[in-house]
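Letter by letter, the chains look like this.
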Amino acid sequence: MTISNPSSNVVLITGAGGWLGGILSSALLADPETPDVKLILADIVEPQVPAGAPKGSVITRKADLCDPAEIDQLFTTAHGVPDTIYCFHGIMSRGSEDNFDLGLKVNIDSIRAMLERARAESDNGTSPSPIRFIFTSSLAVYGGPLPDVVGPSTIATPEGAYGCGKLVSEIMVNEYTRRGYVDGRILRLPTIVVRPGVPSAATSAFISGIIREPLKGLQAVCPVGDSLQSPELDLAAWVASPETTIRNFVIAKHVPASKFLAHTRAVYLPGFTTTVREELDALREVAGEEALKLVTFKDDPTNRRIVSSWPARFDNSYPVGLGFIADEGGMVPIVRRFQEAVKAGTA
Ligand SMILES: NC(=O)c1ccc[n+]([C@@H]2O[C@H](COP(=O)([O-])OP(=O)(O)OC[C@H]3O[C@@H](n4cnc5c(N)ncnc54)[C@H](O)[C@@H]3O)[C@@H](O)[C@H]2O)c1
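Criteria and thresholds
Residues numbered from 1 in each chain as written. Predicted model: local features only at pLDDT ≥ 70, side-chain atom pairs only at ≥ 80, totals over all residues. Heavy atoms only, no water. 1 Å grid on protein atoms, 1.4 Å probe; cavity = no way out; pocket = protein on both sides within 12 Å on 5 of 7 lines; lining within 4 Å. Points joined across faces, edges and corners; volume = space filled by probe spheres on them. Helix = DSSP H or I, 4+ residues; strand = E, 2+ residues; numbered from the N terminus. Nonpolar A, V, L, I, M, F, W, Y, C, P; charged D, E, K, R; others polar. Domains from an automatic or database assignment.

Overview of empty space enclosed by the protein
Line of reasoning, step 1. Evaluated as defined, the whole model comprises three cavities of 30 Å³ or more.
Line of reasoning, step 2. Of the volumes computed, that of the largest cavity is approximately 80 Å³.
Line of reasoning, step 3. Lining the largest cavity are 14 residues, and of these Gly-160, Tyr-162, Gly-163, Ile-306 and Trp-310 lie nearest its centre.
Line of reasoning, step 4. Those elements giving two or more residues to the lining of the largest cavity turn out to be α3 (93–98) and α5 (161–178).
Line of reasoning, step 5. Each residue belonging to the lining of the largest cavity can be placed in one class, and the counts come to six nonpolar, five polar and three charged.
Line of reasoning, step 6. There are two domains that each give the lining of the largest cavity at least three residues, and those are domain 1 (10–189 + 242–268) and domain 2 (205–238 + 272–313 + 328–344).
Line of reasoning, step 7. The computed volume of the second largest cavity comes to approximately 40 Å³.
Line of reasoning, step 8. Lining the second largest cavity are Leu-139, Thr-191, Ala-236, Ala-237, Trp-238, Val-307, Trp-310 and Pro-311.
Line of reasoning, step 9. With three residues, strand β9 (residues 236–240) is the single largest residue contributor to the lining of the second largest cavity.
Line of reasoning, step 10. Considered class by class, the residues forming the lining of the second largest cavity number seven nonpolar, one polar and no charged.

See the structure below:
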């Protein structure tokens, strides 16, 4: 399979009204490797045009991507056919666990519909080469007995609706790539800390919440353990900062297709291992004992079961070999950066 990258410089981001899609839009406009990039931003809620976007560079569309007709309108805008799609829309972990049918519809059916629409461009010959299809997956695709350190050949066996949906879509992205319909890049994201704003429907939301809320002077409930002394606080997670993750999204666009393993486009993005206890220690180090006192405990076994089923240790060699980058310095610099953002009023 030979795939060369198209170069029309038009990027479609789905889920652009969400957190990562929103910050990726700004990052792409600032990327020196894609000058004059044109963006098509789509979401079921009206996406925002990034501040400072050059006039005419951004088209926004409010669209339900479960409807093929609404997908179609994203390929017929004044910007023309995208050469790259960041397929970011989705129902987050707890959301798809609690509403199984909605999770299947959005995390599987609409991704298949997006792939079909991208394929039509390649079938028609209207796109000079297959559209780059960058899909955000998750470490929730893993479950069951796992090796101490996950590597590129570890088999994914999810134990939840979210991981199941992501894995089904991954398999389709791989197959559409193998057939030359798209140029897929599948990014299995670590849990990203610290997420700003209000708590999300993700099972892992507390991993950000126990840092974010106290730094804002608010109470946070930790659903793991009953006190600072609980052994449950040793629960480990594989995490990365938003800054590094966004940089990796931009890098994903530039990785030569030939560098990926021949049999799969799935890549877990670099991250590092932290525990709930290490997070709380970092909070204490950066913001003091008073901030730590804002964290209270109410053990939630469902939440703990799901997060515990996700692996917390990965071998970074493969993604770093592809050119992706890793955070350095653990939780403390991440907590410090978020504290600065809170002080600046941008968190
Ligand atoms: N944030 C993380 O830590 C993390 C970790 C692993 C994977 N991911 C994946 O990365 C992607 C982006 O994550 P995020 O944190 O920005 O999530 P988010 O929930 O902030 O954004 C997802 C967006 O998808 C949109 N959406 C949902 N259903 C839709 C539909 N039918 N049509 C159009 N839009 C629809 C929502 O309105 C929302 O704006 C998701 O696919 C998520 O599963 C995120």
